[in-house]
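For reference, the chains in residue letters:
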Amino acid sequence: MNAGSSVGDDTTSRELVHFVTQQTRFALINNFLQHPEQLPSMYELEELNPSVSDATVYKHIQKLIDAGIVKEVALDDDQRRQSYPWKFYGLTEDGREFLEKHNLLAAEETLQQIYDTIADKPEKMVKYENAPRPDGA
């Protein structure tokens with residue numbers, strides 16, 4: 001996939017399904033869906049994927065952004081707080097529509113319920129989970 005890819009382009013639909021269902025990328029998409037705000041920070045994504053290096057998580061997030069599935073959103077300067085994240089990642093509207101069209105969102109509610117049962121989250125992750133998020137993202 002490249003930055004010129006269109007999420008809704010039927011000619012690349014099969015390739016895009018294959019692209020988003022690659023193991024690490026699909027795990028990251030599931031992380032977006034299960035997150036309470038559906039906008040995790042990079043730290044939260046790294047914590048939720050301990051078997052993958054931080055660099056690999058970042059690389060796959062960038063690929064998903066380039067494909068139009070994921071967006072990066074940031075707090076305005078006046079909303080940022082020291083020692084809290086200010087960049088977050090979530091599905092684009094087109095990305096969500098594409099995943100829904102291809103029945104890849106069926107487990108969204110179950111994923112959220114599973115996430116709610118995680119009891120041994122590091123203190124920093126709980127802090128980041130509760131950090132302010134951009135409005136209307």
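As a reminder, the structure under discussion sits directly above these lines.
Residues numbered from 1 in each chain as written. Predicted model: local features only at pLDDT ≥ 70, side-chain atom pairs only at ≥ 80, totals over all residues. Heavy atoms only, no water.

Student: Give me the lowdown on the pattern of salt bridges, citing residues and values where you can.
Tutor: Scanning all chains against the criterion turns up five salt bridges. Taking the shortest distance from any N to any O, the salt bridge between Lys87 and Glu72 comes out at 3.9 Å. One end of the pair, Lys87, is in strand S2 (residues 87-91); the other, Glu72, is in strand S1 (residues 70-74), with 15 residues separating them in the sequence. Note that Arg96 and Glu108 form a salt bridge whose closest N and O atoms lie 3.0 Å from each other. Taken together, the positions of Arg96 in helix H5 (residues 93-101) and Glu108 in helix H6 (residues 108-116) put the pair twelve residues apart, joining distant regions of the chain. (Salt bridge = Lys/Arg side-chain N within 4 Å of Asp/Glu carboxyl O. Helix = DSSP H or I, 4+ residues; strand = E, 2+ residues; numbered from the N terminus.)

Student: An account of the packing of aromatic side chains is needed here, citing residue identities and associated values.
Tutor: Summed over all chains, the structure comprises one aromatic pair. One residue, Arg80, lies across the ring of Trp86, its end atom 3.6 Å from the ring centre. In this structure, Lys127 is placed above the aromatic ring of Tyr84, and the distance from its NZ or CZ to the ring centre is 4.7 Å. (Phe/Tyr/Trp six-rings, centres within 6.5 Å; stacked < 30°, edge-to-face > 60°. Lys NZ or Arg CZ within 6 Å of the ring centre and 35° of its normal.)

Student: How would you sum up the side chain of His35? Please name residues and give values.
Tutor: Inspection of the secondary structure assignment puts His35 in the loop between helix H2 (23-34) and helix H3 (42-48). Taking relative accessible area as the criterion, His35 reaches 1% and is therefore assigned buried. Side chain to side chain, His35 and Arg133 meet in a polar contact 3.1 Å long. For His35, the residues in contact, after removing those within four places along its chain, are Pro40, Glu44, Tyr115, Glu129 and Arg133. (Buried < 20%, exposed > 50% of the residue type's maximum accessible area, 1.4 Å probe, protein only. Polar contact = N/O pair within 3.5 Å; in protein donor to acceptor, adjacent residues only side chain to side chain. Contact = heavy atoms within 4.5 Å.)

Student: Report on the packing of H2 against H6, specifying residues and quantitative values.
Tutor: Relative orientation of the contacting elements H2 and H6 amounts to 75°, with a least axis distance of 8 Å. Considering the angle they form, H2 stands roughly perpendicular to H6. Residues Asn30, Leu33 and Gln34 of H2 lie in contact with H6, whose contacting residues are Glu108, Leu111, Gln112 and Tyr115. Residues that form the contact of H2 with H6 fall into these classes: three nonpolar, three polar and one charged. (Axes fitted to C-alpha atoms, helices over the stretch in contact; angles between N-to-C directions. Parallel < 35°, antiparallel > 145°, perpendicular 65-115°, else oblique. Nonpolar A, V, L, I, M, F, W, Y, C, P; charged D, E, K, R; others polar.)

Student: How would you sum up unusual backbone geometry? Please name residues and give values.
Tutor: In this structure, Ser83 takes a positive phi of about 70° despite not being glycine. On the secondary structure map, Ser83 appears in the loop between S1 and S2. What makes Ser83 partly exposed here is its relative accessible area of 44%.

Student: I'd like a description of the environment of Ala67, backed by residues and values.
Tutor: Tracing the sequence through the fold places Ala67 in the loop between helix H4 (54-66) and S1. Judged by relative accessible area, which is 0%, Ala67 ranks as buried.

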